[in-house]
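# Structural overview for review
Chain residues, written in single-letter form:
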Amino acid sequence: MSTDFEKTPGWLDWCADPSRPAYRLPRGAVDAHCHVFGPGGEFPYAPERKYTPCDASKEQLFALRDHLGFSRNVVVQATCHGADNRAVVDALRASGGLARGVATLRPDVTDAEVRELHEAGVRGVRFNFVARLVDAAPKRDLLDVVEKIAPYGWHVVVYFEAADLADLRDFFLSIPVPLVVDHMGRPDTAKDPDGPDFETFLDFLRARPDIWCKVTCPERLTTSGPPALGGERAAYRDVVPFARRVVEEFPDRVLWGTDWPHPNLTDHMPDDGLLVDFVPHIAPTAELRHKLLVDNPMRLYWPDAD
Ligand SMILES: O=C(O)c1cc(C(=O)O)oc(=O)c1
């Protein structure tokens, strides 16, 4: 197989010289949603992928962690790697315990494979329902995966479009392990944050006390910005009221991460330092920020740490 990959046309590469955030992250902050891409020469992109990214290595991820002031990472399997979790596992093993992972699994995964992933630091499996990223997996297969991971205390990360929640809600609620929603369930942020659509999403979070929410990706969800570029430290103002509602109602089950290296952006690539400056706008008190950035991700991913 060739490992010489050509990026999807129009691909935006991650920001090579991010600012230092003006907001100083609390000690022990966790970047609870980020990815590694390849490098393709070492960890080839999956044949069934829907996009081919630029490379984004573990060394580059850890350098960003240190530059921004995070202490730890949660590395989420990107769909361009399919169910081949080797790049994530390699990053976890190289992190010296400072990274945990979320994997993608097929239903024929064996207990020995799950155990090996657990030993490497994987603590969740991701189910993706976004059609531009993956072909739909049968729900029966997903429930088979849940049976395999449940004994290890893992959770299920779900990524879906807001419009699909009505169809998926009952299935999600039938999953007998904690759920973590990616990117706030992708609300249409041109709509009213106090309107019925976002209320439907909040109602889903209210349905069980073990449904967590990542208040991430304003750079993806924004429609009117302004973008985290050119020194803008109050970026994505249109997304703030949505994220703030979630943080204030569910302060003990929200997570934040950079989403570096930001797959599939088409409008602009944010400056990750300015993206960190988004946090105080959505979590307006030091207590809320400490929960969002330290206490919550530590409880979910490092429950045994001191
Ligand atoms: O919206 C996306 O394009 C996207 C893709 C992936 C992935 O390909 O895994 O992960 C994300 O968190 C977001």
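Criteria and cut-off values
Each chain has its residues counted from 1, following the order in which its sequence is written. pLDDT decides what is reported in this predicted model: residues at 70 or higher carry local features, side-chain atom pairs at 80 or more are listed and counted, and totals for whole chains, interfaces and linings draw on all residues regardless. The basis for every side-chain value is the complete set of heavy atoms in the structure, and neither hydrogens nor water enter the calculation. Nine residue types can take part in a nonpolar core, namely buried Ala, Val, Leu, Ile, Met, Phe, Trp, Tyr and Cys, and a core is a set of them joined through side-chain atoms within 4.5 Å. Throughout this description, buried means an accessible area under 20% of the type-specific maximum (1.4 Å probe, protein chains only), exposed means over 50%, and partly exposed covers the range between. A run of H or I in DSSP becomes a helix once it reaches four residues, and a run of E becomes a strand once it reaches two; helices and strands are each numbered from the N terminus. Two residues qualify as a contact provided that any one of their heavy atoms is within 4.5 Å of a heavy atom in the partner residue. Think of it this way: DSSP has to see at least two bridges between two strands before they count as a pair. Fitted lines through C-alpha atoms give the axes, limited to the stretch in contact for helices. The angle between two N-to-C directions lies from 0 to 180 degrees. Note on handedness: a crossover is taken as right-handed if, strands pointing away from the viewer, the path from the first strand over the helix to the second is clockwise. Pairing of aromatic rings covers Phe, Tyr and Trp, the last through its six-membered ring, and needs centres within 6.5 Å; plane angles under 30 degrees mean stacked, over 60 mean edge-to-face, and all others mean tilted. Placement of a charge over a ring requires the Lys NZ or Arg CZ to be within 6 Å of the ring centre, with the centre-to-atom vector within 35 degrees of the ring normal. What makes a residue near a molecule or strand is one non-hydrogen atom of that residue sitting within 4 Å of it. Here a polar contact means two N or O atoms within 3.5 Å. Within protein one must be a hydrogen donor candidate and the other an acceptor candidate, and residues neighboring in sequence count only if both atoms are side-chain atoms. In this tally Asp and Glu are treated as negative and Lys and Arg as positive; neither His nor the chain ends contributes. Each reported salt bridge corresponds to a side-chain nitrogen of Lys or Arg within 4 Å of a carboxyl oxygen of Asp or Glu.

## Remarks on the nonpolar core
In terms of nonpolar packing, the biggest core is built from 104 residues, with Phe172, Val215 and Trp256 touching the most fellow members. Here this core gets seven residues from one element, more than from any other, and that element is helix α11 (residues 286–301). Contact partners of Val215, with chain neighbours within four places excluded, come to Met184, Ala243, Val246, Val247, Val254, Leu255, Trp256, Phe278, Ile282 and Leu292.

## Some thoughts on the sheet that holds strand β5 (residues 155–159)
Pairing in this open sheet of eight strands is parallel, and the strands run β1-β2-β3-β4-β5-β6-β7-β8 from one edge to the other. Each end of this open sheet is capped by a strand with a single partner; those strands are β1 (30–34) and β8 (254–255). As judged from the three bridges shared by strand β6 (residues 179–181) and strand β7 (residues 211–214), these two strands associate in the parallel manner. Counted as the bridge partner of Val180 is Trp212 from β7. Along the sheet, helix α6 (residues 196–206) makes contact with β6 and β7, crossing β7 at roughly 135°.

## Comments concerning the pairing of strand β2 (residues 72–76)
Within a regular beta strand, the side chains point alternately toward one face of the sheet and then the other, so they alternate between its two faces. Most of β2 is tucked away: five of the five residues are buried. Across the two faces of β2 the burial is the same, with Arg72, Val74 and Val76 and Asn73 and Val75 all buried. In this sheet, β2 lies alongside β1 in parallel orientation, the contact comprising three bridges. Paired with Val30 across the strands is Arg72, a residue of β2. Between the parallel elements β1 and β2, the chain passes through helix α1 (residues 58–68) in a crossover that is right-handed. By the bridge criterion, four bridges tie β2 to strand β3 (residues 99–103) in an arrangement that is parallel. Its bridge partner lying in β3, Val74 is registered against Arg100. Of the crossover connections in this fold, the one passing from β2 over helix α2 (residues 86–94) to the parallel β3 is right-handed.

## Quick look at the packing of aromatic side chains
Evaluation of the coordinates by the stated rule reveals 15 aromatic pairs. Between the aromatic rings of Phe129 and Phe172, the centroid separation amounts to 5.4 Å while the plane-to-plane angle is 65°, which identifies the pairing as edge-to-face. Of the two residues, Phe129 sits in the loop between β4 (122–128) and α4 (139–149) while Phe172 sits in helix α5 (residues 165–173), which places them 43 residues apart along the sequence. Assessed through its relative accessible area of 19%, Phe129 is described here as buried. Ring geometry for Tyr236 versus Phe278: centroids 6.5 Å apart, planes at 70°, classification edge-to-face. Residue Tyr236 is found in the loop between α7 (218–221) and α8 (240–249), and its partner Phe278 is found in the loop between α9 (272–276) and α10 (279–282); the two are separated by 42 residues along the sequence. For the residue pair Tyr236 and Phe278, the accessibility class agrees, reading buried in each case. Among the aromatic side chains, those forming a connected cluster through ring pairs are Phe129, Phe160, Phe171, Phe172 and Phe204. The ring of Trp302 is capped by Arg72, whose NZ or CZ atom sits 5.2 Å from the centre of that ring.

## Quick look at the site of the ligand
Close to the ligand lie 16 residues, the nearest being Tyr51, Thr79, Arg126, Arg132 and Tyr159. Here an oxygen atom of the ligand and a side-chain polar atom of Tyr159 are 2.6 Å apart.

## A look at the side chain of Arg123
Along the polypeptide, Arg123 turns up in strand β4. For Arg123, which is buried and forms no salt bridge, the nearest opposite charge comes from Asp304, at a distance of 6.6 Å. Within the structure, the side chain of Arg123 is placed 2.8 Å from the backbone oxygen of His118, a separation counted as a polar contact. If sequence neighbours within four positions are ignored, Arg123 has contacts with Arg100, Gly101, His118, Trp154, His155 and Tyr301.

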